[in-house]
Each structure stands twice: as structure tokens, then as C-alpha cells.
Amino acid sequence: MLNWPKRGNDTYLNIVELSPVEREKELEKAKSTTLRFIYFIQHELGFHHIGIATDEFPTTDHLPLIAYYREGRRVRGLVRLTTADIIHPFSQKSALYRTGIAVGDYPIDHHHAKNPGVPKALHFPSIPSFSVPAGALLNRSVVNLIAAEKAISVTNVVNGTSRLQPCVMLTGQAAGVIAAESVKQKISPLHVDIRSVQKILLNDLAYIIPYIDVHPQDKHFKSIQKMGATGILQGVGKPAGWANQTWFYPDSLCSASELHDGLQSFVESWNLTIPSIASPELTLKQLLRWLAPIYRKIRPSGNQLPDYVFSHYKFWGLKNMYPEKALSRSEVAIIIDETIHPFESRKVNWQGQFL
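Quantities reported herein were computed from a predicted structural model and do not represent experimental measurements.

Chemist: Got a sec to walk through the packing of aromatic side chains? Specific residues and values, please.
Modeler: Under the defined criterion, the tally for this structure stands at ten aromatic pairs. Plain terms: the ring middles of Tyr 211 and Phe 248 are 5.1 Å apart, the flat faces sit at 45° to each other, and that makes the pair tilted. With Tyr 211 in the loop between helix H5 (194–203) and helix H6 (221–230) and Phe 248 in the loop between strand E4 (245–247) and helix H7 (256–267), this pair connects stretches of sequence that are 37 residues apart. For Tyr 211, a relative accessible area of 0% puts it in the buried group. You can call Phe 248 buried: its relative accessible area is 0%. Centre to centre, the rings of Phe 266 and Phe 354 are 5.4 Å apart; their planes meet at 85°, and the pair counts as edge-to-face.

Chemist: Would you mind going over the pairing of strand E2 (residues 130–133) in detail, with residue names and values included?
Modeler: Side chains Phe 130 and Val 132 project from E2 onto one buried face, and the interleaved Ser 131 and Pro 133 project onto a second face that is buried too. The pairing of strand E1 (residues 100–104) with E2 spans four bridges and is antiparallel. Within the sheet, the bridge partner assigned to Gly 100 lies in E2 and is Pro 133.

Chemist: I'd love a proper account of the pattern of salt bridges, names of residues and values included.
Modeler: Within the structure shown, the criterion is met by 13 salt bridges. Where Glu 17 meets Arg 73, a salt bridge forms, and the shortest distance between an N and an O atom there is 2.8 Å. Within this pair, whereas Glu 17 is found in the segment before helix H1 (20–44), its partner Arg 73 is found in the loop between H1 and helix H2 (83–87), the two being separated by 56 residues in sequence. Of the residues examined, Glu 17 reaches a relative accessible area of 64% and is grouped as exposed. We note a salt bridge from Lys 150 to Glu 149, for which the minimum N-O separation is 3.1 Å. Residue Lys 150 is classed as buried on the basis of its relative accessible area, which comes to 9%. On the basis of relative accessible area, Glu 149 is assigned to the partly exposed category, the value being 39%. Within the structure, one salt-bridge network assembled from shared partners comprises Glu 28, Lys 31 and Asp 61.

Chemist: Run through the nonpolar core, naming residues and quoting values.
Modeler: With 77 residues, the main nonpolar core has Leu 259 and Ile 335 as its most contacted residues. The element contributing the most residues to this core is helix H8 (residues 284–298), with eight residues. The residues contacting Leu 259, other than those within four sequence positions of it, are Ile 232, Leu 233, Cys 254, Leu 282, Leu 287, Trp 290, Val 332 and Ile 336.

Chemist: Lay out a nonpolar patch on the surface in plain terms, naming residues and giving numbers.
Modeler: Residues Phe 40, Leu 45, Phe 47 and Ile 50 make up a contiguous nonpolar surface patch of about 350 Å² in total accessible area. Turning to its location among the elements, Phe 47 is positioned in the loop between H1 and H2. By relative accessible area, which is 39% here, Phe 47 ends up partly exposed.

How each quantity is defined
Residues numbered from 1 in each chain as written. Predicted model: local features only at pLDDT ≥ 70, side-chain atom pairs only at ≥ 80, totals over all residues. Heavy atoms only, no water. Phe/Tyr/Trp six-rings, centres within 6.5 Å; stacked < 30°, edge-to-face > 60°. Helix = DSSP H or I, 4+ residues; strand = E, 2+ residues; numbered from the N terminus. Buried < 20%, exposed > 50% of the residue type's maximum accessible area, 1.4 Å probe, protein only. Pairing = 2+ DSSP bridges. Salt bridge = Lys/Arg side-chain N within 4 Å of Asp/Glu carboxyl O. Core = buried A, V, L, I, M, F, W, Y, C linked by side-chain atoms within 4.5 Å. Contact = heavy atoms within 4.5 Å. Patch = residues over 30% accessible without salt bridge, like charges linked within 9 Å, V, L, I, M, F, W, Y side chains within 5 Å. Areas by Shrake-Rupley, 256 points an atom, 1.4 Å probe, with all protein chains shown as cover.

Shown next as C-alpha cells:
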């Protein structure tokens, strides 16, 4: 496989508006670039044993059936994923991370050296891992068109990371779920419930939030993914070269101030106020005090919240629950998920805003 960007076999061609015959003529330029590069490797560098495999493709020149396209035409989606959405996902006005249906972790990587129209000083920022929003797959004007792979609604710069194979495979998986739900329910893809799509993906242990430290094999994987998709407890993104990261820190003690802000954002439109506390750590007693009014709103006929928690915590896989216990982030995520069901109880629109 040849993939050599600098002075190698990259070729810049714009064939979008060309006819099929014109496209084939332009693609001969790409083939010629590759053949010249192979000639250079063999005759100038002396690697005579390296060449084109003759038993790989059923073509007369033994080159692949189609060219590898790094970028193509993209849809104008219901939303568009930008570098700001990736670098600072939790502080954007539109909380697209809440609508995540796929994840990616590759850096922004463009091969623009041979495109004379691209500024030489084009800057590619460092990024953490990220979620692909559901609305990036749906076309703004063509009602029943669902995009995947490199056709999703992202900026030119973001395409430098979202184009990578793991991300496009996950995006295709999500496009299939949206299509299937649309057909099953006999509704437009525009009216498919985002949370339903995410739940189907989670049931198959797919990531919707890219937490590197909570794996699908973890029995609380789904609870923590759901918590991330509500924004009540947020992760920490870290650029890390060729495999970027976002961490949840499940075993760290939960910060009372962070959870306070997350819960307050969650209940803002319900006219509920989460009282502040001075303690930096969060105890079970304090968590239940904060959750009680939310629990009563969601489950008005249910048991008292403390009774419900203390009768179920072993079933949830928790240990040593007592009122003054300082809780870890994973314990908080599990209790919140199992009591107020924030993922299911607050639907979101394509922009990630609570309905």
C-alpha cells in the first residue's frame, strides 16, 4: 500500500463537476504520479524488490479499482461539526456532544502540499478525541438522504480527522440505525428520536462518547456513556498525537462543584435550583438531597429516594453505601442513571439542546 504525502504519490484533482469520461482522464494523472513514485523507489533508491502486486486487483495495470479519496463533497447537514465543537465540546452553545453517534481520535491531518490553492501556513490545531453528532448525517434540504463516510457535514479542517476509517465505519453503523428506525417507524429520518438511536448503539456496546478509560466490557459502560451524553458529568479531553483521548476518571472522587453545575444545567428549564455547598467532595447524603426534587418530578409516585437507593445499590453493583461516604465519579454516574434516568427523561434536539 502506498500512502506517502510529501513528494510522494499524493495528487490534487478536483473532479466533482466533471463527466465520467473527463474524470477517467484526470485520474490517469493520479495513476501516473503513483507509477513515477514507484519507479523512483526502484531505480533511484535501489529497492528493486518493491513493486505493484500482480495478484491483488483484477485490473490491467494492477492498480486498485478506484482511487483513494481523502476528501469529497459533503452534505449541508442539520448541524456542522467544527474544530470548536471538538476542542471545547462542553462549552459550545450547541451541545452537539449530547447527540453523539460515533467517535474518532485521529489528529487533523490534511495532505494539501500539492494543492496550489491552499495557504502554506494553514494551521491544524491539536484536538482531543471527539463524538460525531447525529445531525451531521442528515441533509438540510433532501429529506430522506442519510450521509456517511466522508460525506457527513463537517468543516474542511475537521474532515482531516473524521475521514479516518474507524470513524467512518462507526458513522456508517449509525446511519444504518437511523435508516432502520425510519423505515420501522414509517417516519422521516428527521423525526427519528436521537436518544433511541443512541440507545440502540449502546446496547451493541458502541461508543457515543469517546471515554478511553471506561471500556465496553465494564458493566457500567452504558451508564457512564449515558452520563456523558447528558453533560451532567463531563470528561476531560487530551490531545495525544496520533491517538487522542478523552478521560472520564471513573475512580476519582466526584467534585461537588462540577456535579452541581452539571445538574443545574440539566434542570434549568424545569425551574429547579440546585443549592450550592461548600464541601469540595460529594457525599451520598448530599447527592440524594440534590436528586430528591428531580426524582419526585420524574417519578412522583415512586418510593422515597433514599429508600430506593439503599434497597437497590447492591443490585447496581455498588458497595459500602452509607450517608457520609465520599463518592467516586462512577458511583455518582450509576446512582444518577438508575434513579432519575437523565438520558431517557430529557430528549434532545439535533443541536443537543434539551427539549
